[in-house]
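Below, each chain spelled out in residue letters.
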Amino acid sequence: MGAFGHYLSAHFATLRLEFWGLLVGGLATGFIYAMVAIGYTLVYGVLRLINFAHSEIFMAGGFASYFVMKAVIGSSVPSGIASVGLVVLGIVVGGAASAMMALLLERVAYRPLRKRNAPKLAYLISAIGASYFLFNLAGKEFGRYNLSMPAPYVNHTVFTIFGAPVQMYYLVVLLVGVIMFVSLDRIVATTKLGRSIRAVAQDAETASLMGVNIDRTIALTFIIGGVFGGAAGFLFGMGSGVVFTMGFTPALKAFTAAVLGGIGNLRGAVIGGLILGVAESFSVAFVQAAFIDVVAFAILLLILMFRPTGILGERLGRSA
Amino acid sequence: MKDFIKKPFVTHLFSSIGVLAVIELMTGPPGSSTTPTAGFSGSFGERASFFGLFPTYRFVVFLAMAVILAVVWSFWHARGAQIRHGLNTGLATPRAVWQKKPVRAGFLLALLVFAILLPHIETDPYWQSVMVEQIAVFVLLALGLNVVVGFAGLLDLGFVAFYLVGAYATAWVTGALPLPSLFGIHLNTFWAIPIAIIIVMIFGVLLGLPTLRLRGDYLAIVTLGFGEIVTIFANNQYGITGGSMGTNAIPHFSIHLWFIDYAWGLASVPYYYLTLVFVVIFIVAFSLLEHSRVGRAWTAIREDEVAAESIGINPLKYKVMAFAIGAASAGFAGVVTAGQTFYVNPSSFTLPVSINILALVIFGGMGSITGVIVGAILIQSVSMYLLHSPPAGYQSSDLYIYLGAALVLMMIFRPAGLVPSRRRSREIGMAEKGEGHMDEVLTGDTP
């Protein structure tokens, strides 16, 4: 066995040792990525464009829930039913703030271009501009330091799997993620709103002839994406704190997740997010911490080059 | 009530108040993590002078400005088409004169003479260093990105990577990196110019070959990622790049030939002239290129890639060429930066710099060489002025608030830029009318 073999076997040994801990952490990160990825995929589904400013929608949710948590939670860490209430509050506030931000973004940065039928390059540039505008404005207003969110619960170890501790934080993320994904899946598959989203995604012109209000559907798509992004912002903030640049890396990862699962495909976004989160978590065993972001990016590049339609394929129009 | 709200003036008033409120926040005092509302309350509640007439609060001044804006807006809404028509007929002759080649050449010559005399007009050392480090270097970067975005229609969000590679290549060949230098000899920085440019162009090809097969929106995100990776790499490979500490000392430029014996020192002006020479070279080269076979191939690919391919243009080849050629001027910008500041570290090559360069190109007019130069000079001068003598409440990173807003506003109101390229603005107009296929393959309607 050569030097490389030794390198691999040593690192695989680390991986075996840490497997369950890394898996739990990776799944939690993956759920957050997946929630952000939902926003990319939904907007891509109806507008065929990548919402570059989604990172700032995510950030808005993080900041809004941070300020509410800071105002509500006193010096002692709440427990019991109060904790549940606070987590729900954080998600509602984060989701609402991000939905508003998404709506505003659509109205200001996208709709004027859409009305004019602008080339797609214009959307990309406008979105990048909006993103830079928003996060730097946030930096100006809220300072440029990382703020740690007051914990709405005691982050104790709830149980262990094969010796790996599972903390409350991971459980909250997993639970919130599952509930939200299942509800979204049902909404898109069964409600009238879901049908209109799918119709616009399939063929916007025909959908409008059939009486679907396109502007309203697009706005609703942005809102749903915003709610998911905002909830993810809150969950992310509980783990890593909030800062004006918090959106950049998770959004890039989430985009990777959306492409990995097949952009435009909701279930794909979830699967992509989970795979990416876990892959990234496992890569800790192999590369320096500074290069973790490079791993996700390498995955993105490989998919784009060899399977640009992602794992589940771009099932545009059958978003569920 | 509903009729009242639907009235144009009322909607314009509400939108104006919204716009002015945002401007108020942008220009207001900053908040902080402990006082997150200070920025908001200060922006609206601080004492201010009502156009120098009487003291009042900021929000009163801004409300007044919002009313003025709404009036102008409504006026434009009612009479805009008429005014624009009048302007168009009135400006027809000046425009026709401007389009004449000798006139443009004369203008550029006058500009060149002005550029040559500039260091003697502005003798403040701060502004002289700004002319080199911030204006000339960014003109070079904007010219390079213009080849990629403007000519070939490829959105590169990681353009700073070429700048970084140029600077680090200079450090490498002059022996300022931990890495053993090229052939083990420490070259003079001046001779690093061609080598660094070649290295950057090779890097452009290597970066372009895998990524340029992707469609436009993916390309944007992949180049963004590459830009980040190059910085991460430079930041963490202590054995190769010196890591976050940066490089060792890079010697200044100097020439020692038969009878020429000149060394650049600490003063900015000699660097200014050196850079100016190269700016002129790049301008001439890029404008020749624009109207050459290669430039026409870029236009063809940009406007309709499928059609271009069907008449025998190899899109990938020309896209990679655009990357390599655009990278060349960014690489030279890197050499100048390295040679002048005699030391580089990764923190000067971050994503915001890429966005800054993009803003110059978009603001000036993508595809228009005159435009991007004008854009670079204007934006960089203003941003350096703001840095030099900041108005109350302005922090240096607030610049990106303004640049971001500029990008959005340009896309909404003047997508072809301040000095539009004729071809580019026609393409945008056609795309808006649903003719032609500009950017369709670029971003891809079909996977």
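Keep in mind it's a predicted model, so treat the numbers as computed, not measured.

### Some thoughts on the overall build of chain A
The helix and strand tally for chain A stands at 11 helices and two strands. Taken from the N to the C terminus, the helices and strands of chain A come in the order α-α-α-α-β-β-α-α-α-α-α-α-α. A globule of 320 residues ought to have a C-alpha radius of gyration of about 20 Å, and chain A, at 20 Å, matches this closely. Across its three principal directions, the C-alpha atoms of chain A cover 60 × 55 × 40 Å. Among the 320 residues that make up chain A, the fraction classed as buried is 53%. For chain A, the share of sequence-separated contacts (at least 6 apart) that also reach a separation of at least 24 residues comes to 79%.

### Here's the deal with the overall build of chain B
Within chain B, the secondary structure is distributed over 19 helices and four strands. Taken along its principal axes, the extent of the C-alpha atoms in chain B is 80 × 55 × 45 Å. Taking all 447 residues of chain B together, 44% fall into the buried category. Sequence-distant contacts in chain B: of pairs separated by 6 or more residues, those separated by 24 or more amount to 72%.

### Structural notes on the packing of helix H15 (residues 351-364) of chain B against helix H17 (residues 399-413) of chain B
All names here are of chain B. It is the contact of H15 with H17, at a shortest axis distance of 10 Å, that shows an interaxial angle of 40°. Classified by the angle between their axes, H15 and H17 sit oblique to one another. As H15 packs across H17, the resulting crossing turns out to be left-handed. On H17, the residues touching Pro352, Ile355, Asn356, Ala359, Ile362 and Phe363 of H15 are Tyr400, Leu403, Ala406, Leu407 and Met410. Grouping the amino acids of the contact of H15 with H17 by side-chain chemistry returns 10 nonpolar, one polar and no charged.

### So, the pairing of strand E1 (residues 157-161) of chain A
Of all five residues in E1(A), zero are buried, a share of ten percent or less. What sits between the antiparallel neighbours E1(A) and strand E2 (residues 164-167) of chain A is a turn of two residues, in which A:Phe162 has the positive phi angle 50°.

### Re unusual backbone geometry
Residues and elements named next belong to chain A. Here Arg48, not a glycine, exhibits a phi torsion of approximately 55°, which is positive. With respect to the secondary-structure elements, Arg48 resides in the loop between helix H1 (3-47) and helix H2 (54-72). Classification of Arg48 as buried rests on a count of 20 C-beta atoms within 10 Å. The backbone of Asn117 sits at a positive phi, close to 60°, despite the residue not being glycine.

### Focus: helix H6 (residues 125-151) of chain B
For H6(B), with 27 residues, the first-to-last C-alpha span of 36 Å sits near the 39 Å given by 1.5 Å per residue. The largest bend along H6(B) reaches roughly 35° and is located at B:Met131.

### Quick look at the interface of chain B and chain A
Of the residues lining the interface, 49 residues belong to chain B; the matching set on chain A comes to 47 residues. A class-by-class count of the residues in the side of chain B that touches chain A yields 31 nonpolar, 13 polar and five charged.

### Here we look at the domain arrangement of chain B
Examined at the domain level, chain B breaks down into domain 1 (2-77) and domain 2 (111-443). Between the C-alpha centres of domain 1 of chain B and domain 2 of chain B the distance comes to 37 Å.

### Quick look at the environment of B:Gly375
Note that B:Gly375 resides in helix H16 (residues 369-388). Discounting chain neighbours no more than four positions away, the residues touching B:Gly375 are B:Ala142, B:Leu360, B:Val361, B:Phe363, B:Gly364, B:Gly365, B:Gly417 and B:Leu418.

### A short note on the packing of helix H8 (residues 189-211) of chain B against helix H14 (residues 315-341) of chain B
Across the interface, H8(B) lies against H14(B) with an axial gap of 7 Å and an inter-helix angle of 145°. Note that H8(B) runs across H14(B); the crossing there is right-handed.

Rules used throughout
Residues numbered from 1 in each chain as written. Chains lettered and ligands numbered in written order. Predicted model: local features only at pLDDT ≥ 70, side-chain atom pairs only at ≥ 80, totals over all residues. Helix = DSSP H or I, 4+ residues; strand = E, 2+ residues; numbered from the N terminus. Rg over C-alpha atoms; globule rule 2.2 N^0.38 Å. Buried ≥ 20, exposed ≤ 12 C-beta atoms within 10 Å, placed from the backbone. Contact = placed C-beta atoms within 7 Å. Axes fitted to C-alpha atoms, helices over the stretch in contact; angles between N-to-C directions. Parallel < 35°, antiparallel > 145°, perpendicular 65-115°, else oblique. Left-handed = near helix turned anticlockwise from the far one by under 90°. Nonpolar A, V, L, I, M, F, W, Y, C, P; charged D, E, K, R; others polar. Pairing = 2+ DSSP bridges. Expected span 1.5 Å × (residues − 1). Bend = angle between axes of the 7 residues up to and from the residue. Domains from an automatic or database assignment.

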